Amino acid sequence: MAGVAGEDCGVGGYSEGISTGQHCLSGEASAEWKSSEQVENGTPSTSLLYWDSDNGDGPKPSELYGEYTWKIEKFSQINKRELCSNAFEVGGYKWYIIIYPQGCDVCNHLSLFLCVANHDKLLPGWSRFAQFTIAVVNKDPKKSKYSDTLHRFWEKEHDWGWKKFMELSKVYDGFIESDTLIIKAQVQVIREKADYPFCCLDRQYRRELVRVYLTNVEQIYCRFLDDRRSNLGKFIQDKAKWSSFCAFWLGIDQNSRHQMSREKKDVILKVVVKHFFIEKEVTSTLVMDSLYSGLKAIEGQSKSKQARSKLSDAEEMPAPIVCMEKDMFVLVDDVLLLLERAALEPLPPKDEKGPQNQTKERNSGEDFNKDSIERDERCLTELGHRTVEIFALAHIFSNKIQVAYQEAVALQRQEEAALLAESEQKT
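Residues numbered from 1 in each chain as written. Predicted model: local features only at pLDDT ≥ 70, side-chain atom pairs only at ≥ 80, totals over all residues. Heavy atoms only, no water.

Novice: Explain the overall build of the protein to me, please; I cannot follow it from the model alone.
Specialist: Counting its secondary structure elements, the protein contains nine helices and 15 strands. For the protein, buried positions account for 51% of its 427 residues. For the protein, the share of sequence-separated contacts (at least 6 apart) that also reach a separation of at least 24 residues comes to 76%. With an accessible surface of roughly 20,700 Å², the protein has 49% of that area assigned to carbon and sulfur atoms. (Helix = DSSP H or I, 4+ residues; strand = E, 2+ residues; numbered from the N terminus. Buried < 20%, exposed > 50% of the residue type's maximum accessible area, 1.4 Å probe, protein only. Contact = heavy atoms within 4.5 Å. Areas by Shrake-Rupley, 256 points an atom, 1.4 Å probe, with all protein chains shown as cover.)

Below, the structure written as structure tokens:
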């Protein structure tokens with residue numbers, strides 16, 4: 001069975017659904033194709049950060065992104081149950097859009113889906129992982145209907161979309177002009193990595209998504225940071241346990257402290273990706289992009305003090321918690337000081353000026369200026385930066401230092417029990 005991303009359309013609406021069935025291509029409507037090169041306006045990135053730095057081997061996100069415009073003429077005369085666009089190519093794969101003018105297994109709604117072309121001819125085991133946005137264009141751009149989702153297409157889910165994209169009664173409220181309906185699709189093919197935060201979104205597409213989902217991504221980070229800080233705070237506030245831990249830490253030699261204060265980078269980053277990249281969450285790609293940018297900021301900070309100027313031109317970033325030495329995350333200070341800092345230091349401030357209105361028209365230049373773009377990207381990079389640091393600190397503490405402390409406590413109790421038993425035997 002294939003599926004639908006959500007039955008009700010809204011900007012960023014998402015829920016799981018059911019199949020649209022098998023579909024075939026048709027040449028009923030005219031279409032325009034725009035490659036990612038045509039989408040780019042040629043202007044350099046305004047970002048001061050690491051969003052668009054090299055992502056390693058393989059194609060860049062901009063090379064895996066494309067837009068497609070489908071103009072359906074004589075819309076009022078269509079009497080077919082379904083209509084398919086021409087095939088278009090994005091990321092080396094062919095796709096098409098299917099529309100149900102009277103709804104797919106629903107009444108009084110327009111249904112829209114993105115489909116993998118020639119899916120029945122592909123080799124067994126094929127899959128396509130993509131984030132996409134479909135819009136029905138209104139003559140007033142601010143009233144255009146958008147919906148976004150993230151989906152892994154495969155043999156049994158070769159199409160994905162929305163059964164209840166919009167109510168039919170609203171289609172003629174500015175969406176039909178000269179009896180023509182215009183549908184736009186933005187498709188970003190994702191090449192994910194399991195062991196390293198990865199940059200996965202085209203620059204312009206990412207910025208459109210940031211305008212919609214900035215608050216959601218901030219909440220994801222803040223929940224994680226609040227949880228880790230709360231756990232550390234409880235450990236520190238337990239005076240007996242904290243005093244015992246401090247005595248343990250200060251009682252071991254410097255070389256042992258040094259060895260316990262580091263961990264291989266790939267060990268930690270693999271857990272970071274597993275924790276934050278959730279396939280069905282449309283915000284996962286923005287989270288990965290900002291973690292990638294934050295990680296690059298840490299790498300730059302470790303290599304050169306000058307890199308700190310990239311992170312904020314107005315104010316200094318908080319003092320670092322970890323640095324990178326070759327393939328290792330290393331705590332930059334004594335763990336006792338870092339734990340107290342992590343538990344008490346305030347989170348990066350939320351940007352209250354950032355565009356948070358999800359109904360805002362996404363493609364106009366209104367309020368979509370250089371300052372707001374850089375402000376939002378800086379906000380997310382700072383959150384990504386701090387999240388990677390706190391994740392590394394918490395991982396090193398819980399998986400190495402705290403384990404050694406618990407082993408020492410257990411050994412001490414065994415010794416005390418042995419002494420007590422020996423004393424009782426003598427008595």
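Structure's up, so let's keep going.
Novice: Sorry, what's going on with the pairing of strand β10 (residues 159–167) here?
Specialist: When a strand is regular, its side chains alternate between the sheet's two faces. Most of β10 sits out of view: seven of its nine residues are buried. Of the pairings in the sheet, the one linking strand β7 (residues 109–116) to β10 comprises six bridges and is antiparallel in character. Across the sheet, Phe113 pairs through a bridge with Gly161, a residue of β10. (Pairing = 2+ DSSP bridges.)

Novice: What is the right way to look at the packing of aromatic side chains in this model?
Specialist: The geometry of two aromatic rings is summed up by the distance between their centres and the angle between their planes. Applying the stated rule across the entire model yields 23 aromatic pairs. When the ring of Phe129 is compared with that of Phe277, the centres are 5.9 Å apart and the planes differ by 90°; the resulting orientation is edge-to-face. A residue pair is termed long-range when its members are at least 10 positions apart, and Phe129 in strand β8 (residues 127–136) and Phe277 in the loop between α5 (265–276) and α6 (284–303) qualify at 148 residues. As far as the burial class goes, Phe129 and Phe277 line up, both buried. Ring centres of Phe224 and Phe391 lie 5.4 Å apart, and the angle between their planes is 15°; on these two criteria the pair is classed as stacked. You can see Phe224 sitting in helix α2 (residues 203–237) and its partner Phe391 sitting in helix α9 (residues 370–426), a full 167 residues away along the chain. The same class applies to Phe224 as to Phe391, namely buried. An aromatic cluster is built from Phe235, Trp242, Phe245, Phe248, Trp249, Phe397 and Tyr405, whose rings are joined through pairwise contacts. (Phe/Tyr/Trp six-rings, centres within 6.5 Å; stacked < 30°, edge-to-face > 60°.)

Novice: What is the right way to read the pattern of salt bridges from this model?
Specialist: Think of it this way: side chains of opposite charge can pair up when their charged atoms draw near. Across all of its chains, the model carries 16 salt bridges by this definition. Across the salt bridge formed by Arg262 and Glu325, the nearest N and O atoms sit 3.3 Å from each other. A residue pair is termed long-range when its members are at least 10 positions apart, and Arg262 in strand β13 (residues 262–264) and Glu325 in strand β14 (residues 322–325) qualify at 63 residues. Take Arg262: its relative accessible area is 12%, and that puts it in the buried class. Of the residues examined, Glu325 reaches a relative accessible area of 39% and is grouped as partly exposed. Here the salt bridges share partners, and the residues they tie into one network are Arg81, Glu82, Asp105 and Lys163. (Salt bridge = Lys/Arg side-chain N within 4 Å of Asp/Glu carboxyl O.)

Novice: Honestly, the side chain of Asp202 in this entry has me stumped. Any pointers?
Specialist: With respect to the helices and strands, Asp202 occurs in the loop between β12 (180–189) and α2. One polar contact links the side chain of Asp202 to the main-chain amide nitrogen of Tyr205, over a distance of 3.2 Å. (Polar contact = N/O pair within 3.5 Å; in protein donor to acceptor, adjacent residues only side chain to side chain.)

Novice: Please clarify how the confidence of the model for the protein should be interpreted in this entry.
Specialist: Do not read the fine detail of predicted coordinates wherever pLDDT is low. Per-residue pLDDT for the protein has a mean of 82; in total, 78% of the residues score no lower than 70. Overall, residues 7–48 carries pLDDT values under 50, and its contacts beyond four positions in sequence, including any with other chains, amount to 125 contacts. The model gives residues 353–361 a pLDDT under 50, and that stretch makes 21 contacts with residues more than four places away or in other chains. (pLDDT = per-residue confidence, 0-100.)

Novice: Whenever I open this one, the environment of Lys303 confuses me. Can you help?
Specialist: Of note, Lys303 is situated in helix α6. Residue class for Lys303 comes out exposed when judged on its relative accessible area of 72%.

Novice: Sorry if this is basic, but what is going on with unusual backbone geometry here?
Specialist: Leave glycine aside and you will find that most residues have negative phi; peptide bonds, for their part, are mostly trans. The phi dihedral of Asn118 is positive, around 55°, even though this residue is not glycine. With respect to the helices, strands and loops of the structure, Asn118 is situated in the loop between β7 and β8. The class for Asn118 is partly exposed, based on a relative accessible area of 36%. Within the chain, Lys326 stands out as a residue other than glycine whose phi angle is a positive 60°.

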